[in-house]
Amino acid sequence: MTDDNLPHSIIHPTTSNKDAGLAPLLLTLIELVRQLMEAQVIRRMDANLLSEDELERAAESLRQLEEQVMKMCDIFGIDPADLNADLGDFGTLLPKDGGYYPGEPSSNPSIVELLDRLLNTGIVVEGSVDLGLAQLSLIHAKLRLVLTSKQV
């Protein structure tokens, strides 16, 4: 079936933000990861750890990803500013426009800034969870997460 045979609403959704389903959440997560990757590219650029070719490739990839996020926002009728969720006491998910440069302190850091700092220094999280019912332990999960931008 070609695009010509599909109803116009399937090819070009005309939903509003409130009717976009999981699209805003998915786009927010993609934008969060994109900004984290951008921060790591900037950190490596500032430390002269990237060749000119690597820097050009990374910059082009980040530009294309940002362009795709904007296109998806347009398709689903989402204002890109709405991707920055306000998490109350935790602050905003993404930095305010132009309000963050990796490595520079911020008085009111966003979640992206905090995650970037954690990636830069590294963190290990360990834990365990027991799930069960009727006083029976049925599932035991152990977790050890190493989160860093450096290879370990």
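As shown above, the structure is provided for reference.
Conventions adopted
- Residues numbered from 1 in each chain as written.
- Predicted model: local features only at pLDDT ≥ 70, side-chain atom pairs only at ≥ 80, totals over all residues.
- Heavy atoms only, no water.
- Axes fitted to C-alpha atoms, helices over the stretch in contact; angles between N-to-C directions.
- Helix = DSSP H or I, 4+ residues; strand = E, 2+ residues; numbered from the N terminus.
- Parallel < 35°, antiparallel > 145°, perpendicular 65-115°, else oblique.
- Left-handed = near helix turned anticlockwise from the far one by under 90°.
- Contact = heavy atoms within 4.5 Å.
- Nonpolar A, V, L, I, M, F, W, Y, C, P; charged D, E, K, R; others polar.
- Expected span 1.5 Å × (residues − 1).
- Buried < 20%, exposed > 50% of the residue type's maximum accessible area, 1.4 Å probe, protein only.

1. Looking at the packing of helix α2 (residues 23-46) against helix α3 (residues 52-76)
- For the pair α2 and α3, interaxial distance at closest approach is 10 Å and the crossing angle is 160°. Classified by the interaxial angle, the pair formed by α2 and α3 is roughly antiparallel. For the element pair α2 and α3, the recorded crossing hand is left-handed. In this structure, α2 contributes A23, L27, I30, E31, R34, M37, E38, V41 and M45 to the contact, and α3 contributes L55, A58, L62, L65, E66, V69, M72, C73 and F76.
- Within the contact of α2 with α3, the residues separate by chemical class into 14 nonpolar, no polar and four charged.

2. Side note on α3
- When the terminal C-alpha atoms of α3 are compared, their 36 Å separation across 25 residues agrees well with the 36 Å that a helix rising 1.5 Å per residue should span.
- If you check which residues of α3 are buried, you get A58, L62, V69 and C73.
- Buried residues belonging to α3 abut α2.
- Positive backbone phi, approximately 65°, marks G77, located one or two places after α3.

3. Considerations on unusual backbone geometry
- Residues other than glycine seldom take positive phi values, yet A134 does so here, at roughly 55°.
- Along the chain, A134 turns up in the loop between β1 (123-133) and β2 (136-147).
- Among the residues examined, A134 registers a relative accessible area of 62% and is labelled exposed.
- We note that Q135 has phi near 60°; this positive angle belongs to a residue other than glycine.
- Mapped onto the secondary structure, Q135 falls in the loop between β1 and β2.
- Owing to a relative accessible area of 86%, Q135 belongs among the exposed residues under this scheme.

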